[in-house]
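Observations on the model geometry
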Amino acid sequence: MKKIGSQVTIAMDGPAGSGKSTVARRVAEKLGLLYLDSGAMYRAVTLLAIADALPADSPKLIDRVKACHIEFRDNGKTILLNAEDVSIQIRTPAVNRLVADVAKIPEIRHEIVKHQQRIGAEGSIIAEGRDLTTIVFPNADFKFYLDASVTERARRRLAELQAQNVDTTLAVVEAEIIARDEKDTTREHSPLRTADDAIIVDTTDKTIDEVVDFIVAHVCENE
Ligand code: C5P
């Protein structure tokens, strides 16, 4: 593992299935960084809505989010919501369908962004999501925007879901991804967009290792 000398913030954004989580996790391991999966936080608070059948825009949900406690363990592998391990639950199709509606509520974003910035202040970090390069860490030392074709992204998500024994099809996963992309890119608050100073990486025809090596090399050369 290469240790980087000074405190560094790497921010990475991109749509669902672009490879952000896997890439960021590996870069974190290689460079000895804290890994922040910001989507996991939006997914965790979506469980609060599902648990009590609260609409995404209900004031009650906002109160629950303000009062909840989210914590990561094992450098992002485990996420605890109010002390309960919800790492598996946050990846279910029910959460996939609702999360973008919860994530568009400004009061909810405000709480989660504050939490992310506190985590970012703790040390060198690689953080990934939809607004990390634009809103959460606008002054990040390095910014990357990962993308891939919709079909390739759906294929990757399908493989993940099949590994969890979720019974679904490529067409269903692709439709869900298109619907989530549409919500994430057109919402009023903090939509997914490419920061002007982000390096765009198209991962469609690249292996995870190729993308990881590119990012690690770029950071090490320019640190
Ligand atoms: O990255 P992941 O697919 O797990 O994110 C789940 C959802 O959380 C996204 O579709 C988006 O609606 C929301 N999200 C967000 N801002 C982030 C990260 C995720 O709005 N920084």
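Residues numbered from 1 in each chain as written. Predicted model: local features only at pLDDT ≥ 70, side-chain atom pairs only at ≥ 80, totals over all residues. Heavy atoms only, no water.

1. Focus: the overall build of the protein
- For the protein, the count of helices and strands is nine helices and eight strands.
- A compact globule built from 223 residues would reach a C-alpha radius of gyration of about 17 Å, and the protein, at 17 Å, matches this within 12%.
- Taking all 223 residues of the protein together, the buried fraction comes to 51%.
- A fraction of 75% describes how many contacts in the protein between residues 6 or more apart in sequence connect residues 24 or more apart.
- Accessible surface, the protein: about 10,700 Å² in total, of which carbon and sulfur atoms supply 51%.
- Charged side chains of the protein number 29 positive and 36 negative; the gap between the two group centres comes to 2 Å. (Helix = DSSP H or I, 4+ residues; strand = E, 2+ residues; numbered from the N terminus. Rg over C-alpha atoms; globule rule 2.2 N^0.38 Å. Buried < 20%, exposed > 50% of the residue type's maximum accessible area, 1.4 Å probe, protein only. Contact = heavy atoms within 4.5 Å. Areas by Shrake-Rupley, 256 points an atom, 1.4 Å probe, with all protein chains shown as cover. Lys, Arg positive; Asp, Glu negative; His and termini not counted. Charge placed at Lys NZ, Arg CZ, Asp CG, Glu CD.)

2. A word on the site of the ligand
- Close to the ligand lie 18 residues, the nearest being R43, R109, D131, R180 and D184.
- Between the ligand and R130 there is a distance of 2.9 Å, counted from an oxygen atom to a side-chain nitrogen or oxygen.
- At a separation of 2.7 Å, an oxygen atom of the ligand approaches a polar side-chain atom of D184.
- Contact with the protein chains removes 99% of the 450 Å² of surface that the ligand exposes when unbound. (Near = heavy atom within 4 Å. Polar contact = N/O pair within 3.5 Å; in protein donor to acceptor, adjacent residues only side chain to side chain.)

3. A short note on empty space enclosed by the protein
- For the structure shown, the criterion picks out two cavities of 30 Å³ or more.
- The space that makes up the largest cavity amounts to roughly 70 Å³.
- Taken together, the elements giving at least two residues each to the lining of the largest cavity come down to α7 (150–163) and α8 (170–186).
- For the lining of the largest cavity, the element with the most residues is α8, which contributes four residues. (1 Å grid on protein atoms, 1.4 Å probe; cavity = no way out; pocket = protein on both sides within 12 Å on 5 of 7 lines; lining within 4 Å. Points joined across faces, edges and corners; volume = space filled by probe spheres on them.)

4. Focus: the layout of surface pockets
- When its volume is computed, the largest pocket comes out at roughly 950 Å³.
- Lining the largest pocket we find 45 residues, and of these S21, D37, R91, R157 and E160 sit closest to its centre.
- Looking at the lining of the largest pocket, the elements with two or more residues in it are α1 (20–31), α2 (38–51), β4 (78–81), α4 (93–103), β6 (125–129), α7 and α8.
- Roughly 190 Å³ of internal volume is contained in the second largest pocket.

5. Some details on the sheet that holds strand β2 (residues 34–37)
- Spatially, the five strands line up as an open sheet ordered β2-β6-β1-β7-β8, and their pairing is parallel. Two strands close off the open sheet at either side, each with one partner strand: β2 and β8 (199–202). Ignoring strand direction, the axes of neighbouring strands in this sheet form an average angle of 20 degrees.
- Pairing between strand β7 (residues 142–147) and β8: four bridges, direction parallel. Opposite F144, over in β8, you have I199 as the bridge partner.
- In the packing of α1 onto the sheet, the strands contacted are β1 (9–13), β2, β6 and β7, and the crossing angle to β6 comes to about 180 degrees.
- Relative to the sheet, α2 contacts β2 and β6, its axis offset from that of β2 by approximately 45 degrees. (Pairing = 2+ DSSP bridges. Axes fitted to C-alpha atoms, helices over the stretch in contact; angles between N-to-C directions.)

6. Some thoughts on the nonpolar core
- Core analysis: the biggest nonpolar cluster contains 36 residues, and V45, L61, I70, L81 and I108 have the highest contact counts within it.
- A total of eight residues in this core trace back to one element, the largest contributor, which is α2.
- With near-sequence residues (within four places) excluded, L61 lies in contact with V45, L48, A49, L54, P55, A56, V102 and I108.
- V211, V212, I215 and V216 belong to the second-largest nonpolar core, a separate cluster that totals 20 residues. (Core = buried A, V, L, I, M, F, W, Y, C linked by side-chain atoms within 4.5 Å.)

7. A short note on the packing of α4 against α8
- It is the contact of α4 with α8, at a shortest axis distance of 9 Å, that shows an interaxial angle of 10 degrees. It follows from the interaxial angle that α4 and α8 lie roughly parallel. Across the interface between the two elements, N96, R97, V99, A100 and D101 from α4 touch E176, R180, K183 and D184 from α8.
- Looking at side-chain class alone, the contact of α4 with α8 contains two nonpolar, one polar and six charged residues. (Parallel < 35°, antiparallel > 145°, perpendicular 65-115°, else oblique. Nonpolar A, V, L, I, M, F, W, Y, C, P; charged D, E, K, R; others polar.)

8. Quick notes on the packing of α2 against helix α5 (residues 106–120)
- It is at 11 Å that the axes of α2 and α5 come closest, and there the two elements cross at 135 degrees. Judged on the interaxial angle alone, α5 and α2 are oblique. Between α2 and α5 lies a crossing whose hand is right-handed. Here S38, M41, Y42 and V45 of α2 come into contact with α5, specifically with I108, R109, I112, V113, H115 and Q116.
- Grouping the amino acids of the contact of α2 with α5 by side-chain chemistry returns six nonpolar, three polar and one charged. (Left-handed = near helix turned anticlockwise from the far one by under 90°.)

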